[in-house]
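For reference, the chains in residue letters:
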Amino acid sequence: MKLTLAWLKDHLETAASLDELARTLVDIGLELESVRDRAKELAPFTTAVVVEAKPHPNADRLKVCIVDTGAARVQVVCGAPNARSGMKGVFAPVGSHIPGTGLDLERGMIRGVESNGMLVSEREMGLSDEHAGIIELPEDTALGLPFAQILGLGDPVLDVAVTPNRADCLGVRGIARDLAAAGRGRLKEDARAVPVRGSFTSPLRWKIELPADAVGACPFVAGRTFRKVKNGPSPRWLQERLSAIGLRPISALVDITNYVTFDLGRPLHVFDADKLAGDLTVRLARPGESMAALNGKSYALDPSITVIADAKGVQTLGGIIGGEASGCTAATENVFLEVALFDAVRTARSGRKLAIESDARYRFERGLDPTSALWGAEVAAHLIAELCGGEASEVVSAGTMPEWRRTVTLRQDRVRTLGGVDVAPAEQARILRALGYAVEGEGTFSALPPPWRGDVTREPDLIEDILRIHGYDRIEPVPLPLASALPRLALSPLQRRARAVKRGLAARGLMEAVTWSFASAKHAALFGGGNPALALANPISSDLDVMRPSILPNLLAAAGRNADRGLRDLALFEVGPQYADDTPKGQALVAAGLRAGLASPRHWAAPSREVDAFDAKADALAVIAEAGGTAEPQVTMDAPAWYHPGRSGTLRLGANALATFGVLHPKVLREMDVKGPLVGFEVFLERIPQPRAKAGKMRPLLKVSPFQPVERDFAFVVDAGVEAQALVRAAKGVDKLLIAEVGVFDVYQGANLPAGKKSLALSVRLQPSERTLTEEEIDAVGQRIVAAVIKATGGVLRS
């Protein structure tokens, strides 16, 4: 909401400075975005006269001018073709900042002649792109005047950020009322709302034809006819005010409607009455109707949009924008004024549907003063009579004025108990009355909010008004009582676990993704979804209509979009919720991720390979470790159906499934239109057992053995169905102190082995801690490892 200081003073009688008013606006809850004082910015630029203009001795296109600024005569080198003796222009002294070019003006020598300032063009002043010559002022212009004053830019412009609930402050008068209540002056009476007696009966009437379920779209509309008006340019003061806030002056009639919109927060619309075909009707648009709007665009309409139409068709979109067919021009002589009340929700929906932003829509969708439909017709009549002449008809209307009166009770001590500051009852009543409330009662106030305060419906609203006018800075800061003598951790163990997991996955080269907690029903069904309770009643998109049963479909969709743009090799992860049902227990915190493409970049020194199930398994195990898991999980082959059978698994601690991993099923990828192969994992963070609490936060002592480690390899022939983990677990169990690591480095099936058999090769690293092992001791440990593996698996040592 933009306004100028002089405009504000039309409503507020005040001696406060601009800085004081700006501070007060912020104090009472009207945040000030900016204050632009063009007069201050343009202060160095003054009017001057060219006393003498003679050719430059060293340049054909330059002139040496003697300029009289009213305070002194200076020499200026000028290249403008219209520079001549006797002309009046705008002078910029040395040291000025030229707004149009962004340069700082310095004293200089131009082709051997000294120049002390310049005569500026409109482009150099930032007024337009015109730069063919310097600015020429009227001959009767006095010397030494600030150029900002000549332009009418001496009035500072304030830009106020108005919150959606304060529709009353979308007019200058509403802001002035708040400042007056805060003690920054006196609110002036506005005589323009005094009724104007009509001199004839309006030839045009109103009709409201709305279905029963849409009566609220326009409950009341008023208007009047004006005849024999003259629609010329609006006066200079009006043009300057509209230009100052960024509006383009058009004509007196149109400028009046824009002025009232910003002055009083009351949108108006004027029709050229001679272009209308009979009475005007407020109705819903009909299928197939369209309208050419005043912004030069044509809009297709539907029955959800409120319109005003005559016998020929739609003439304006209710509360949004007028139609071109009935717009006022310089030839307009007879005018019909519309002052309507349109529903805020329907206006907002229609504006969004048609993608039309207008000052009228902005105000209607935040709610108007219902009584403005009556006094708006009177204000417009005063201004039209003053600026355009003519005569006004009697007011015509249709519909019923909505009931706006309501009583809100205020217990006087609640300002202290709820607001935290003790305000005397008399001051409470004064503030409310200054804001337009009717207040009665003792001990407990009965307040009648004014019609322009549709946002006030309950006691806390009154308390807020009292506090903001009294001053939020008067609320004493009170420290919160400590719940305990010792500080508590800000994050829960699960929150800290999630953070640790994110850092760990990022360190492994995966990129974090943040996706919706929704998915399409089709994709959800591929990942165990389909619970009707998880369907959304009002989805933000047709393809995001259910709560996601897994994070993987969203990551798969992201991988597909990346692949379509040529990013085939990628690794993504997300830590977030997924939903099994609509109960609190059905929501689980999961760390999920996927990899696609090459596991390592192409390189001449090392062969590259595609990602496989073991990459996903390693990611899942890393997540469990980052989450604080200490026990080694077991691998079972019962992964969910969206994984490839035989190339996936589940990590368990007993019956507790901590994670699933593996190659994603080709059918799932085909249904989601994603090219494979891709591998993924899901780790259920809440299922990972919490580690035992430690006595302190000190790191354990680093134990480094000074003795040489020993590695031995063993190959066993076992049944094809035996899991490698069984061999690793049996070998580790021989001596947990001595055996530091056991790994599988080879798997073989084929020639030289019986059918149904496979060879698994283990690498075992022994790390002595007390002394170097002898060859006999190493052989003894090896024999024990062989015996343990044979006993656990039924295999034999491969020769």
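All of the points below concern the structure found in this document. (Residues numbered from 1 in each chain as written. Predicted model: local features only at pLDDT ≥ 70, side-chain atom pairs only at ≥ 80, totals over all residues. Heavy atoms only, no water.)

Let us look at the pattern of salt bridges. Close approach of charged atoms lets side chains of opposite charge pair. One pass over the full model with this rule turns up 38 salt bridges. Put simply, Asp178 and Arg468 hold a salt bridge, and the shortest N to O gap is 2.9 Å. A residue pair is termed long-range when its members are at least 10 positions apart, and Asp178 in helix α5 (residues 172-181) and Arg468 in helix α13 (residues 459-470) qualify at 290 residues. Neither residue differs from the other here; Asp178 and Arg468 are each classed as buried. (Salt bridge = Lys/Arg side-chain N within 4 Å of Asp/Glu carboxyl O. Helix = DSSP H or I, 4+ residues; strand = E, 2+ residues; numbered from the N terminus. Buried < 20%, exposed > 50% of the residue type's maximum accessible area, 1.4 Å probe, protein only.)

Okay, the nonpolar core next. In this structure, Leu8 and Ile175 are the most contacted members of the largest nonpolar core, which totals 71 residues. Filtering out sequence-adjacent residues up to four positions away, Leu8 remains in contact with Leu3, Leu21, Val172, Ile175, Ala176 and Leu179. Within the second largest apolar cluster, 27 residues are counted, among which are Val501, Ala616, Phe661 and Phe681. (Core = buried A, V, L, I, M, F, W, Y, C linked by side-chain atoms within 4.5 Å. Contact = heavy atoms within 4.5 Å.)

Quick look at unusual backbone geometry now. Negative phi values dominate among residues other than glycine, just as trans dominates among peptide bonds. Cis geometry is found at the peptide bond from Gly676 to Pro677, where omega equals 0 degrees. Within the secondary structure layout, Pro677 lies in the loop between α18 (666-671) and β38 (678-684). Even without being glycine, Arg111 reaches a positive phi, approximately 55 degrees. Within the secondary structure, Arg111 is located in the loop between β10 (108-110) and β11 (113-115). Accessibility expressed as a relative area gives 52% for Arg111, which makes it exposed. A positive phi angle, near 70 degrees, is found at Asn752, a position not held by glycine. The residue Asn752 is located in the loop between β40 (739-748) and β41 (757-766) in this model.

The subject of this paragraph is the pairing of strand β29 (residues 444-448). Across the two faces of β29 the burial differs, with Phe445 and Ala447 buried and Thr444, Ser446 and Leu448 not buried at all. Alignment of strand β27 (residues 408-411) against β29, held across four bridges, turns out to be antiparallel. Residue pairing in the sheet places Thr409 in a bridge with Ser446 of β29. Relative to β29, strand β28 (residues 438-440) runs antiparallel, the two being bridged by three bridges. What sits directly across from Ala438, in β29, is Leu448. Between β28 and the antiparallel strand that follows it, β29, lie three residues; Gly441 among them carries a positive phi value of about 105 degrees. (Pairing = 2+ DSSP bridges.)

The sheet built from five strands is open, its strands ordered β15-β18-β21-β22-β23 with mixed pairing. Looking at strand neighbours, the two that pair on one side only are β15 (206-209) and β23 (321-322), the edges of this open sheet. In this structure, strand β18 (residues 280-284) lies alongside strand β21 (residues 306-310), joined through four bridges in antiparallel fashion. The residue bridging Arg283 from the neighbouring strand is Val307, located in β21.

A few words on the packing of helix α19 (residues 724-732) against helix α20 (residues 775-793). Between α19 and α20, the shortest axis-to-axis distance is 8 Å and the interhelical angle comes to 140 degrees. Taken as axis vectors, α19 and α20 run oblique relative to one another. Remark: the crossing between α19 and α20 carries right-handed chirality. Across from Ala726, Leu727, Ala730 and Ala731 in α19, the residues of α20 making contact are Ile785, Ala788, Val789, Ala792 and Thr793. Considered class by class, the residues forming the contact of α19 with α20 number eight nonpolar, one polar and no charged. (Axes fitted to C-alpha atoms, helices over the stretch in contact; angles between N-to-C directions. Parallel < 35°, antiparallel > 145°, perpendicular 65-115°, else oblique. Left-handed = near helix turned anticlockwise from the far one by under 90°. Nonpolar A, V, L, I, M, F, W, Y, C, P; charged D, E, K, R; others polar.)

Helix-helix packing is described using two parameters, namely the angle between the two axes and the distance between the axes. It is the contact of helix α6 (residues 236-244) with helix α7 (residues 252-264), at a shortest axis distance of 11 Å, that shows an interaxial angle of 55 degrees. One way to sum up the angle between α6 and α7 is to call them oblique. As for the relative orientation of α6 and α7, their crossing is left-handed in sense. In this structure, α6 uses Trp237, Leu238, Arg241 and Leu242 to contact α7, whose residues at the interface are Asp255, Ile256, Asn258 and Tyr259. For the contact of α6 with α7, a count of residues per class yields five nonpolar, one polar and two charged.

We now examine the environment of Ile475. As for its placement among the helices and strands, Ile475 is situated in the loop between α13 and α14 (493-507). Discounting chain neighbours no more than four positions away, the residues touching Ile475 are Gly419, Gly420 and Val421.

This part is about the packing of aromatic side chains. According to the stated counting rule, one finds seven aromatic pairs in the structure shown. Their ring planes at 75 degrees and their centres at 5.4 Å tell us that Phe342 and Phe364 sit as a pair that is edge-to-face. Placement of the pair is Phe342 in the loop between β24 (335-341) and α8 (344-354) and Phe364 in helix α9 (residues 359-364), with a sequence separation of 22 residues. With respect to class, Phe342 is no different from Phe364; both count as buried. Between Phe527 and Trp642, the ring centres sit 5.5 Å apart and the planes meet at 45 degrees, which makes this aromatic pair tilted. (Phe/Tyr/Trp six-rings, centres within 6.5 Å; stacked < 30°, edge-to-face > 60°.)

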